[in-house]
Amino acid sequence: MKYYFTGFLIFFFSACTTNSETSSGFVNLSEETFQIGSNKTVELFTAFDKAWANKDYELLKTLISLDASFEFEDGKIANGADKFIEIIQKEAEKNEALGNSNSWTTEYAFSVDLNTNKDGEWVNSGFTQVLEVPKDGVIKKVYNEWYYFEKGKLEQWYQTVREVTE
């Protein structure tokens, strides 16, 4: 009888466990919740970041879905890999023409899963770019970016930047 009661208690408490107990966040005006995502998605992000840093545009193309959308901090919007790569190539050339390397330090990355019933996860990451040649008093740029990966491909990307002055 003691074992039946213990088994009943285990069953009862496991049945009472809800998604909100594993949640680590919320979405306004929605019943969706965030949970910590997988390291697999962080590894996809890491491969993307490395390919971008190395200007390996062919590898980048393999990591981007055909209908991916990108929103840059300055308002530029790109749809698809080719337009995205065109914009980042021009930005790299502009930086180098100003005497700045097109390099950054990746400070952090973590993944979150908004809907555990879907394959995709978001990665939030932070970057710091120190300018060798400051422009208009800006000595450093601090980026915050969100990446949405689904089925091994980047689907969405958003970027913000904070400029640090002397």
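Because the structure is a prediction, the values reported are computed rather than measured.

Asker: Which parts of the structure should I look at to understand the side chain of Thr128?
Answerer: One can find Thr128 in strand E6 (residues 121-135). Using a relative accessible area of 15% as the deciding quantity, one classes Thr128 as buried. Engagement of the side chain of Thr128 in a polar contact is seen with the side chain of Glu107, the distance being 2.9 Å. If we skip the residues at most four places from it in the chain, Thr128 touches Trp104, Thr105, Glu107, Lys140 and Lys141.

Asker: When you look at the side chain of Asn95 in this model, what are you seeing that I'm missing?
Answerer: Along the chain, the position of Asn95 falls in helix H5 (residues 81-97). In this structure Asn95 touches Asn100, Ser101, Asn102 and Gln129, once residues within four positions along its chain are discounted.

Asker: Can you walk me through unusual backbone geometry in this structure?
Answerer: Residues other than glycine predominantly adopt negative phi, and peptide bonds predominantly adopt the trans conformation. One non-glycine residue with positive phi stands out, namely Lys55, at about 55 degrees. Within the element layout of this structure, Lys55 appears in the loop between helix H3 (39-53) and helix H4 (57-63). On the basis of relative accessible area, Lys55 is assigned to the partly exposed category, the value being 32%. One non-glycine residue, Asp136, adopts positive backbone phi at about 55 degrees.

Asker: Can you walk me through the pattern of salt bridges in this structure?
Answerer: Close approach of charged atoms allows side chains with opposite charge to pair. On inspection of all chains with the given rule, the structure shows seven salt bridges. One salt bridge in this structure joins Asp82 and Lys61, with 3.3 Å as the shortest N-O distance. On the criterion of sequence distance, the pair formed by Asp82 in helix H5 and Lys61 in helix H4 is long-range, its members being 21 residues apart. The class for Lys61 is partly exposed, based on a relative accessible area of 32%. Measuring nitrogen to oxygen at the nearest pair gives 3.9 Å for the salt bridge that ties Lys94 to Glu91. With a gap of three residues between them, Lys94 and Glu91 both fall in helix H5, about one helical turn apart.

Asker: Before we go on, may I ask you to explain the packing of aromatic side chains in this structure?
Answerer: The tally for this structure, following the rule as stated, stands at 21 aromatic pairs. Taking 5.7 Å as the distance between ring centres and 75 degrees as the angle between the ring planes, the aromatic pair formed by Phe48 and Tyr147 counts as edge-to-face. Taken together, the residues span a long stretch of sequence, with Phe48 in helix H3 and Tyr147 in strand E7 (residues 138-150) at a distance of 99 residues. Here Phe48 matches Tyr147 in class, with each residue buried. Between Phe72 and Trp157, the aromatic rings sit 4.8 Å apart at their centres with planes inclined by 70 degrees, giving edge-to-face as the arrangement.

Asker: What should I look at first to understand the pairing of E7 in this one?
Answerer: Within a regular strand, the side chains alternate between the two sheet faces. As paired elements, E6 and E7 share 11 bridges and run antiparallel to each other. Bridge pairing in E7 links Val123 to Tyr147. Between the end of E6 and the start of E7, which pair antiparallel, lie two residues, with Asp136 showing a positive phi angle near 55 degrees. Bridging between E7 and strand E8 (residues 153-165) involves 12 bridges; their strand directions are antiparallel. What sits directly across from Glu145, in E8, is Gln159. Linking E7 to E8, which pair antiparallel, is a turn of two residues; within it Lys151 sits at a positive phi near 50 degrees.

What counts, and where the lines are drawn
Residues numbered from 1 in each chain as written. Predicted model: local features only at pLDDT ≥ 70, side-chain atom pairs only at ≥ 80, totals over all residues. Heavy atoms only, no water. Helix = DSSP H or I, 4+ residues; strand = E, 2+ residues; numbered from the N terminus. Buried < 20%, exposed > 50% of the residue type's maximum accessible area, 1.4 Å probe, protein only. Polar contact = N/O pair within 3.5 Å; in protein donor to acceptor, adjacent residues only side chain to side chain. Contact = heavy atoms within 4.5 Å. Salt bridge = Lys/Arg side-chain N within 4 Å of Asp/Glu carboxyl O. Phe/Tyr/Trp six-rings, centres within 6.5 Å; stacked < 30°, edge-to-face > 60°. Pairing = 2+ DSSP bridges.

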